[in-house]
Amino acid sequence: MSGKLILASSSPYRRELLARLRLPFAWESPAVDEQRLANESPRSMVLRLAEAKARAIAARHPNAIIIASDQTAVIGNDILGKPGTHDKAVTQLQKISGRTVEFLTSLAVLNSVNNHLQLEVAPFAVHMRTLSSTQIENYLHLEQPYDCAGSFKSEGLGIALFEKMEGDDPNALVGLPLIRLVHMLANENIHVI
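Values in this document were obtained by computation on a predicted structure and should not be read as measured data. (Residues numbered from 1 in each chain as written. Predicted model: local features only at pLDDT ≥ 70, side-chain atom pairs only at ≥ 80, totals over all residues. Heavy atoms only, no water.)

Draft legend 1. Local environment of the layout of surface pockets. Reported here for the largest pocket is a volume of approximately 730 Å³. Around the largest pocket, the lining comprises 35 residues; the ones closest to its centre are Arg14, Glu34, Gln71, Lys82 and Ala149. Here the lining of the largest pocket takes 4 residues from strand β3 (residues 64–75), the largest share from any one element. Each residue belonging to the lining of the largest pocket can be placed in one class, and the counts come to 16 nonpolar, 10 polar and 9 charged. (1 Å grid on protein atoms, 1.4 Å probe; cavity = no way out; pocket = protein on both sides within 12 Å on 5 of 7 lines; lining within 4 Å. Points joined across faces, edges and corners; volume = space filled by probe spheres on them. Helix = DSSP H or I, 4+ residues; strand = E, 2+ residues; numbered from the N terminus. Nonpolar A, V, L, I, M, F, W, Y, C, P; charged D, E, K, R; others polar.)

Draft legend 2. Examining unusual backbone geometry more closely. A positive phi is found at Asn39, a non-glycine position, where the angle reads about 60°. By the element assignment, Asn39 lies in the loop between β2 (26–28) and α2 (42–58).

Draft legend 3. Expanded view of helix α3 (residues 86–96). Along α3, the positions that sit buried rather than exposed are Ala89, Val90, Gln92, Leu93 and Ile96. For α3, the angular spread of buried residues about the axis comes to 165°, placing them on one side. Across from the buried face of α3, at angles greater than 90 degrees, the exposed residues are Asp87, Lys88 and Thr91. Those residues of α3 hidden inside the fold are in contact with β3, β4 (78–80), β5 (100–111), β6 (116–128) and α4 (133–143). Looking one or two residues past α3, Gly98 carries a phi angle of roughly 75°, positive in sign. (Buried < 20%, exposed > 50% of the residue type's maximum accessible area, 1.4 Å probe, protein only. Arc of directions from axis to C-beta. Contact = heavy atoms within 4.5 Å.)

Draft legend 4. Local environment of the pairing of strand β1 (residues 4–8). The buried fraction of β1 amounts to 4 of the 5 residues, a majority that puts the element mostly inside the structure. Relative to β3, β1 runs parallel, the two sharing 4 bridges. Residue pairing for β3: Leu7 is matched across the bridge by Ile67. The pairing of β1 with β2 spans 3 bridges and is parallel. By the bridge assignment, Leu7 is partnered in β2 with Trp27. Crossover connection from β1 via helix α1 (residues 12–19) to parallel β2: handedness right-handed. (Pairing = 2+ DSSP bridges. Right-handed = clockwise from strand over helix to strand, strands pointing away.)

Draft legend 5. Quick peek at the pattern of salt bridges. This model, assessed by the stated rule, comprises 7 salt bridges. Between Glu51 and Arg55 there is a salt bridge whose closest N-O contact spans 2.9 Å. Of this pair, Glu51 and Arg55 are both found in helix α2, 4 residues apart, which corresponds to roughly one turn of the helix. Looking at Glu51, the relative accessible area reads 25%, which means it is partly exposed. Across the salt bridge formed by Glu120 and Arg180, the nearest N and O atoms sit 2.8 Å from each other. Here Glu120 is found in strand β6, whereas its partner Arg180 is found in helix α6 (residues 178–187), with 60 residues between them in sequence. Judged by its relative accessible area of 30%, Glu120 falls in the partly exposed class. Taking the relative accessible area as the measure of exposure, Arg180 reaches 29% and is therefore partly exposed. (Salt bridge = Lys/Arg side-chain N within 4 Å of Asp/Glu carboxyl O.)

Draft legend 6. Spatial organisation of α1. Residues of α1 that are buried: Tyr13, Arg14, Leu17 and Leu18. Viewed along the axis of α1, the buried residues span an arc of 130°, placing them on a single side of the element. On its buried face, α1 is in contact with β1, β3, α5 (170–174) and α6. If you check the start of α1, you find a side-chain oxygen 3.2 Å away from the backbone N of Tyr13, and it comes from Ser11. (Polar contact = N/O pair within 3.5 Å; in protein donor to acceptor, adjacent residues only side chain to side chain.)

Put into structure tokens, the structure is as follows:
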């Protein structure tokens with residue numbers, strides 16, 4: 001492997017996912033402003049942020065392969081952020097009950113030696129069950145997913161909230177599309193197996 005592999009993220013979920021590939025890597029928080037720009041589409045936003053995160057880390061590491069990702073949850077034209085509080089999580093889960101939530105997860109792989117950038121979005125849809133107020137409260141008290149877009153963790157008890165899922169890579173829902181990442185890394189001559 002030429003250069004160091006660095007995950008541009010402070011997310012423990014993304015670190016756990018990348019660790020599945022059994023490649024040595026470091027991680028750093030990119031400290032990028034994640035505010036949506038005026039009139040920016042959710043897809044454009046996650047692509048811009050993944051690239052910005054990768055470039056922020058590449059500036060400090062001139063001989064590295066940087067992996068960065070960003071994710072947003074969308075219902076209709078509304079972006080669902082991380083709720084942060086119990087009350088906001090209740091409101092989000094009430095809003096998405098019985099509806100389909102689309103997760104847009106961007107992936108950037110940047111070679112800081114030659115500035116080669118690979119950038120894509122992996123969409124993933126979750127069809128939610130119709131949830132009662134009791135189910136929402138029970139779920140939130142058990143899992144407390146206040147740092148997760150959409151107010152649920154698919155890798156945990158949140159799976160009980162789903163009717164079905166649609167997408168090419170279930171890892172994209174958690175925050176790092178590993179299937180696509182394996183291909184991108186191979187383009188940089190980094191082979192998982």
